[in-house]
Amino acid sequence: MTKSILVTGITGRTGRLVFQQLRQRPEQFESFGLARSKAKAKDCFGNIDGCYFGDIADPASLTEAMAGRDAVIIVTSAVPRLKAPPQPGQRPEFDFPPGEMPEQIDYIGQKNQIDAAVQAGVKHIVLMGSMGGTQVDHPLNRLGNGQILIWKRQAEQYLIDSGIDYTLVRAGGLSDQPGGLRELVVGKHDALQILNDQGRPVAIPRADVATVLIQALQAPGSRNKAFDLMAKAGDDPTAVITTDFAALFAQTTPGL
Ligand code: NAP
């Protein structure tokens, strides 16, 4: 039987890959998406079939999209914007648009989606988050003075406390490289190595994160788990490309 899935944040860089990958599997999934801009959705997908439009800050705008879904994949996030091009030698400065601070989007917006899903009788929420949430003084928290990782972490706790089945996927630094070519590794409490042997940050392709979010809908061992997710570098000679997602989820554990 096909499962009815809603993906939110489908015009985002990861969300669009999740929606595209899901739509390639119509025998398993009936796919729906939520975006806030019709024009951007049309631009991303060429059409707006299966799309609902709403703002996660406005709970009433989520009801229709949630109705009748078996599971929801949440890929929304506050999006920092560059204040002005940096002067030579200066660091770039970021802020968030008015009304779109991380507290409003990454906490209240996620909470609104979780509440709407519970209300609609959804059975499972897969939430994409970010590594770094255990580090209060992480540089990302200073970005636009938004404390973004702290608010994301609070939303994760809210999801766990909601009683709905959850899968929390906290990715490391993201890249737009092709997916399916790396060994994926899971961990907890920000313990995964984020620098390679040369001291450079290792990134995980958004396409690989999208695959894990979708695998979490079906693979055994994915429910009521929270984990950090990284990839070994593409040229790591020890890497074995991940294809067995049940084995990956078997290494993950419940609770924040
Ligand atoms: P992204 O491109 O920033 O997309 C965010 C999405 O959220 C966009 O579709 C945006 O809509 C949507 N959104 C924001 N406010 C909304 C609102 N009020 N109502 C409805 N939708 C709203 O995301 P990404 O870069 O793929 O990242 C995905 C997740 O991974 C985020 O949680 C991010 O923090 C996390 N992460 C990022 C990194 C990294 O290296 N960048 C590392 C680890 C984890 P619009 O398209 O209309 O703006």
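Note that this is a predicted model, so its numbers are computed, not measured.

**Details of the site of the ligand**
Neighbouring the ligand are 24 residues, the closest being Thr11, Gly12, Thr14, Lys40 and Lys152. Side-chain polar atom of lysine 152 to an oxygen atom of the ligand: 2.7 Å apart, as the coordinates give it. Within the backbone of leucine 174, an N or O atom sits 3.0 Å from an oxygen atom of the ligand. For the ligand, whose unbound accessible area comes to 920 Å², protein coverage reaches 86%. Here the element with the most residues in the shell around the ligand is strand E7 (residues 124–130); it accounts for three residues. Taken together, the residues of the shell around the ligand break down into seven nonpolar, eleven polar and six charged.

**What about the sheet that holds strand E2 (residues 29–35)?**
The eight strands are arranged E3-E2-E1-E4-E7-E8-E12-E10 in an open sheet whose pairing can be described as mixed. Edge positions in the open sheet fall to strand E3 (51–53) and strand E10 (184–187), since each of these has one partner strand only. Here the average twist between neighbouring strands, direction ignored, is 25°. As defined by bridge partners, strand E4 (residues 71–74) adjoins E7 across four bridges and the pair is classed as parallel. The partner of isoleucine 74 across the bridge, within E7, is leucine 127. Against the sheet, helix H6 (residues 148–162) touches E7 and strand E8 (165–171), its axis set at about 160° to E8.

**Quick word on the packing of helix H4 (residues 102–120) against H6**
It is the contact of H4 with H6, at a shortest axis distance of 8 Å, that shows an interaxial angle of 15°. With respect to H6, the axis of H4 lies roughly parallel. Pair H4 / H6 crosses with right-handed handedness. In this structure, H4 uses Pro102, Glu103, Asp106, Tyr107, Gln110, Lys111, Ile114, Asp115 and Val118 to contact H6, whose residues at the interface are Ile148, Trp151, Lys152, Gln154, Ala155, Tyr158, Leu159 and Ser162. In terms of residue class, the contact of H4 with H6 is built from nine nonpolar, three polar and five charged.

**Here's the deal with helix H2 (residues 38–45)**
Among the residues of H2, Ala41, Cys44 and Phe45 are the ones counted as buried. Summarising the axial view, the buried residues of H2 lie within an arc of 75°, below the 170-degree limit, and thus occupy one face. Of the residues in H2, the exposed ones pointing more than 90 degrees away from the buried face are Ala39, Lys42 and Asp43. Looking at the buried positions of H2, the neighbouring elements they touch are helix H1 (15–23), E2 and E3. Residue serine 37 occupies the N-cap position of H2, its side-chain oxygen lying 3.4 Å from the main-chain nitrogen of alanine 39. Of the residues one or two after H2, glycine 46 is the one with positive phi, at around 85°.

**What to know about the pairing of strand E1 (residues 3–8)**
The buried fraction of E1 amounts to five of the six residues, a majority that puts the element mostly inside the structure. Of the pairings in the sheet, the one linking E1 to E2 comprises six bridges and is parallel in character. From the neighbouring strand, threonine 8 faces E2, where its bridge partner is leucine 34. Crossover connection from E1 via H1 to parallel E2: handedness right-handed. Pairing of E1 with E4 involves four bridges; the strand directions are parallel. Note on E4: the bridge partner recorded for leucine 6 is valine 72.

The rules behind these values
- Residues numbered from 1 in each chain as written.
- Predicted model: local features only at pLDDT ≥ 70, side-chain atom pairs only at ≥ 80, totals over all residues.
- Heavy atoms only, no water.
- Near = heavy atom within 4 Å.
- Polar contact = N/O pair within 3.5 Å; in protein donor to acceptor, adjacent residues only side chain to side chain.
- Areas by Shrake-Rupley, 256 points an atom, 1.4 Å probe, with all protein chains shown as cover.
- Helix = DSSP H or I, 4+ residues; strand = E, 2+ residues; numbered from the N terminus.
- Nonpolar A, V, L, I, M, F, W, Y, C, P; charged D, E, K, R; others polar.
- Pairing = 2+ DSSP bridges.
- Axes fitted to C-alpha atoms, helices over the stretch in contact; angles between N-to-C directions.
- Contact = heavy atoms within 4.5 Å.
- Parallel < 35°, antiparallel > 145°, perpendicular 65-115°, else oblique.
- Left-handed = near helix turned anticlockwise from the far one by under 90°.
- Buried < 20%, exposed > 50% of the residue type's maximum accessible area, 1.4 Å probe, protein only.
- Arc of directions from axis to C-beta.
- Right-handed = clockwise from strand over helix to strand, strands pointing away.

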